[in-house]
Amino acid sequence: MFRRKFLATTLATAVALSLSSLYGSAYAAADATTVQSDENWARNSVIYQIYPRSFADGDGNGIGDMSGVISRLPYLDKLGVDALWLSPFYKSPQADAGYDVADYRVVDPMFGSTEEFERLLKEAHARGMKVIVDLVPNHTSDEHAWFQAALKSPPGSPERARYIFRDGRGENGELPPNNWPSVFGKAAWDRVPGEKQWYLHLFDSKQPDLNWDNPEVRAEFEKVLRFWLDRGVDGFRVDVAHGLIKEKGLADLPIEEGRENAGALVGPMWDQDGVHEIYRSWRKVLDQYPGKRIMVAEAWVTPRERLTHYIRPDEMQQAFNFDYLMTKWDAGAFKEVIDSSMALTATVGAPTTWVTSNHDTVRAPSRYGLKELGKHALPGNGIGPATAQPDEALGLRRARALAMLTLALPGSTYIYQGEELGLPEHTTMEGQYRQDPMFLRTKGEEVGRDGCRVPLPWKADAPSFGFGPGDKTWLPQPASYARYAVDRQEGAADSTLNLYRKILELRHDHKLGDGQLQWADAGKDVLAFDNGDLRVLINMGAQAAALPAGSQVLLSSEPLAAPDRLPANTAVWLKRT
């Protein structure tokens, strides 16, 4: 409904000049329009993440599917997003909610068919929305044909060379080859029954890591890219983009402290320089297709400067900005992460991306409803019944204000499904319903990610809150979801859904994604900046703050009791005169 226009030629020229200073005269010789054409639609887009199994259920089996997504395309169009990102829908035993892929070229029957996906793609494109899909290259399912062939083949065989098999340590190979832990808990190695050999899995046992030093693996994934590009997808979100290459020798970690080391952002299994050769080769594949196909990296790296390596001009176009997602509720902290993020991406001529929630992290309304953010800023650290519970009203108020801050920033923004409803985490889900392998492998020590993956509420008074035609849902919905249902919010002018619709309309009309940020001084607890003809303010303090005299208010996240005061935990967009 509110589709972006391409960047102005002047911006493309500025990007070209910036890149020429970094990469020399050879790059300066490139035409500015060519520089722009590789990346322009994604530089300022609002991209909506669909977690298919929890978005909308078309057939009543309690699991979302392609037909459910298709039925809700008018809703997404009215919301005003520019593109959709679909989490994995490939054939999978679903040990990790589809991130364990058994066949990269087949839509899992639980989600529908390839024909239905192609229909979804066609109808989204007809509405002006791009579609990117998840690619899971670090590991396959243990039910993938390749891994099954590896188990049936002897050590040293070509079949095993596609994965990372090693002899175990100890007299009879009874110990793992090294001390690496799994991100999901326990060791990162499983032993092949009756053998000395073990296979590596940085995640679940049913997710064996591929050997990306093997040319056969590289060739296969280029074919997978082409398979989906040929069907018209506009790009890929690359899962665990920082994990494909492991340091040669697979040396032990310096210490063994369980999961903490697996979750670290440095080490012999993460962010090795060899990954960039892979992404340069993929970029060459994408550039052979019309329509500016893109890649976005899920790369948890430190120091943050290393993230720019993934978005150099010949690699990916975007990388998720997890530093922004993990920022505590503090004006100074947000200013610092915004400044540093924009400065870093500018060094490689890439857009900055902004993200506040996704399928791996606690939803923003619940995260910012906690007294202390603590470990809940990190992926996988969910909130459960035994955890300190968030203040629901405070969290929603802050999330609404945060949306106005985030969507006013130059660059590209990601919205996780339900974020536009102000949907909180399901924080009291009982263990018997949880399916996240992180919860299962740690026997509940880690709450995991199920709480942010609960099926969406569409109709307050319908079975399954309108998620599907019946009352089945693959994860239970809390009773509180009734008040967040789409139909309840449609008719309420001050609802979070209608706030998002207004934000996205104004963002488009005022070209905020293409703009430039200039800070203004508004006091210790208030962030204020100008972008184009708007001034944006967000009060992250506990007391009301002053608004500029004679302000023309275009939009506020909460009602303003007085025209010259900005309440606590509230954001406002003002028309600059």
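Above this note sits the structure.
This is a predicted model, so every value here is computed, not measured.

Q: Help me understand the sheet that holds strand S6 (residues 165-167), please; the structure alone is not making it clear to me.
A: Sheet strands associate in pairs through backbone hydrogen bonding, adopting either a parallel or an antiparallel arrangement. The strand order across the open sheet formed by 3 strands is S6-S8-S7, and the pairing between neighbours is antiparallel. Each edge of the open sheet is held by one strand with a lone partner, namely S6 and strand S7 (189-191). Ignoring which end each strand starts from, the neighbouring axes of this sheet average 35 degrees apart. Relative to strand S8 (residues 197-200), S6 is paired through 3 bridges, and the arrangement is antiparallel.

Q: Teacher, can you tell me more about the pattern of salt bridges here?
A: For the structure shown, the criterion picks out 37 salt bridges. The partner of Arg-449 in a salt bridge is Asp-360, with the nearest N and O atoms 3.0 Å apart. Note that Arg-449 is positioned in the loop between helix H17 (437-441) and helix H18 (486-490) and Asp-360 in the loop between strand S12 (353-355) and helix H15 (364-367), a separation of 89 residues in sequence. The salt bridge partner of Arg-501 is Glu-490, with a shortest N-O separation of 3.0 Å. With a gap of 11 residues between them, Arg-501 in helix H19 (residues 496-509) and Glu-490 in helix H18 connect regions that are remote in the sequence. For Glu-490, a relative accessible area of 33% translates into the label partly exposed. Via salt bridges that share partners, Asp-96, Asp-360, Asp-436, Arg-449 and Arg-453 belong to a single interconnected network.

Q: Is there a simple way to explain helix H10 (residues 215-230) in this structure?
A: Think of an α-helix as turning once every 3.6 residues; residues three or four places apart then point the same way. The terminal C-alpha atoms of H10, which comprises 16 residues, lie 23 Å apart, in line with the 22 Å expected from a rise of 1.5 Å per residue. For H10, the set of buried residues is Val-217, Glu-220, Phe-221, Val-224, Leu-225, Phe-227, Trp-228 and Leu-229. Of the residues that open H10, the one with a side-chain oxygen 2.8 Å from the backbone nitrogen of Glu-216 is Asn-214. Once H10 ends, the next one or two residues include Gly-232, with phi positive near 105 degrees.

Q: Please explain the packing of H10 against helix H12 (residues 275-286) as it appears in this structure.
A: Working note: a packed helix pair is described by the angle between its axes plus the distance between those axes. Remark: H10 packs on H12, axes separated minimally by 10 Å, with the N-to-C direction vectors making an angle of 35 degrees. Both H10 and H12 take part in a crossing whose hand is right-handed. Contacts between H10 and H12 pair Arg-218, Phe-221, Glu-222, Leu-225, Arg-226 and Leu-229 from the former with Glu-277, Ile-278, Ser-281, Trp-282, Val-285 and Leu-286 from the latter. For the contact of H10 with H12, the residue count by class is 7 nonpolar, 1 polar and 4 charged.

Q: Would you mind showing me how to read the packing of aromatic side chains here?
A: Aromatic ring pairs are reported here in terms of the distance separating the ring centres and the angle at which the planes meet. Going through the model one piece at a time under the given rule, you end up with 31 aromatic pairs. Between Phe-184 and Phe-203, the aromatic rings sit 5.4 Å apart at their centres with planes inclined by 70 degrees, giving edge-to-face as the arrangement. Highlighted residues: Phe-184 in the loop between S6 and S7 and Phe-203 in the loop between S8 and H10, separated in sequence by 19 residues. The two residues Phe-184 and Phe-203 agree in class, both being buried. Residues Tyr-279 and Tyr-310 carry aromatic rings whose centres are separated by 6.3 Å and whose planes lie at 45 degrees to one another, so their mutual orientation is tilted. You can see Tyr-279 sitting in helix H12 and its partner Tyr-310 sitting in the loop between strand S10 (294-297) and strand S11 (318-319), a full 31 residues away along the chain. Judged on exposure class, the residue Tyr-279 and its partner Tyr-310 are both buried. Chaining the aromatic ring pairs together yields one cluster made of Phe-89, Tyr-90, Tyr-104, Phe-117, Trp-212, Phe-221, Phe-227, Trp-228, Tyr-279, Trp-282 and Tyr-310.

Q: What is the right way to read unusual backbone geometry from this model?
A: Trans is the common state for peptide bonds, and a negative phi is the common state for residues other than glycine. Of note, the amide linkage connecting Thr-302 to Pro-303 takes the cis form, showing an omega dihedral of 0 degrees. The backbone of Gln-94 shows a phi angle near 65 degrees, a positive value even though the residue is not glycine. By the secondary structure assignment, Gln-94 is in the loop between strand S3 (90-91) and strand S4 (103-107). Positioned with a positive phi, Ser-464 is a non-glycine residue whose angle comes to about 55 degrees. Within the secondary structure, Ser-464 is located in the loop between H17 and H18. The exposure class of Ser-464 is buried, given its relative accessible area of 8%.

Q: I'm lost on the pairing of strand S9 (residues 235-238) in this one. Help?
A: Note on strand geometry: in a regular strand, side chains alternate between the two faces of the sheet. Taking every second residue as pointing to the same face, both faces of S9 are buried, with Gly-235 and Arg-237 on one and Phe-236 and Val-238 on the other. With 4 bridges connecting them, strand S5 (residues 130-135) and S9 associate as parallel partners. The residue of S9 that forms the bridge with Ile-132 is Gly-235. Alignment of S9 against S10, held across 4 bridges, turns out to be parallel. Each residue of the ladder has a partner; that of Gly-235, found in S10, is Ile-294.

Q: Whenever I open this one, the environment of Trp-228 confuses me. Can you help?
A: Tracing the backbone through its elements, the reader meets Trp-228 in helix H10. If near-sequence neighbours (up to four positions away) are discounted, Trp-228 is found in contact with Phe-89, Tyr-90, Tyr-104, Arg-105, Val-107, Phe-117, Val-233 and Phe-236. A polar side-chain atom of Trp-228 sits 2.8 Å from the main-chain carbonyl oxygen of Tyr-104.

Criteria and thresholds
Residues numbered from 1 in each chain as written. Predicted model: local features only at pLDDT ≥ 70, side-chain atom pairs only at ≥ 80, totals over all residues. Heavy atoms only, no water. Pairing = 2+ DSSP bridges. Helix = DSSP H or I, 4+ residues; strand = E, 2+ residues; numbered from the N terminus. Axes fitted to C-alpha atoms, helices over the stretch in contact; angles between N-to-C directions. Salt bridge = Lys/Arg side-chain N within 4 Å of Asp/Glu carboxyl O. Buried < 20%, exposed > 50% of the residue type's maximum accessible area, 1.4 Å probe, protein only. Expected span 1.5 Å × (residues − 1). Polar contact = N/O pair within 3.5 Å; in protein donor to acceptor, adjacent residues only side chain to side chain. Left-handed = near helix turned anticlockwise from the far one by under 90°. Contact = heavy atoms within 4.5 Å. Nonpolar A, V, L, I, M, F, W, Y, C, P; charged D, E, K, R; others polar. Phe/Tyr/Trp six-rings, centres within 6.5 Å; stacked < 30°, edge-to-face > 60°.

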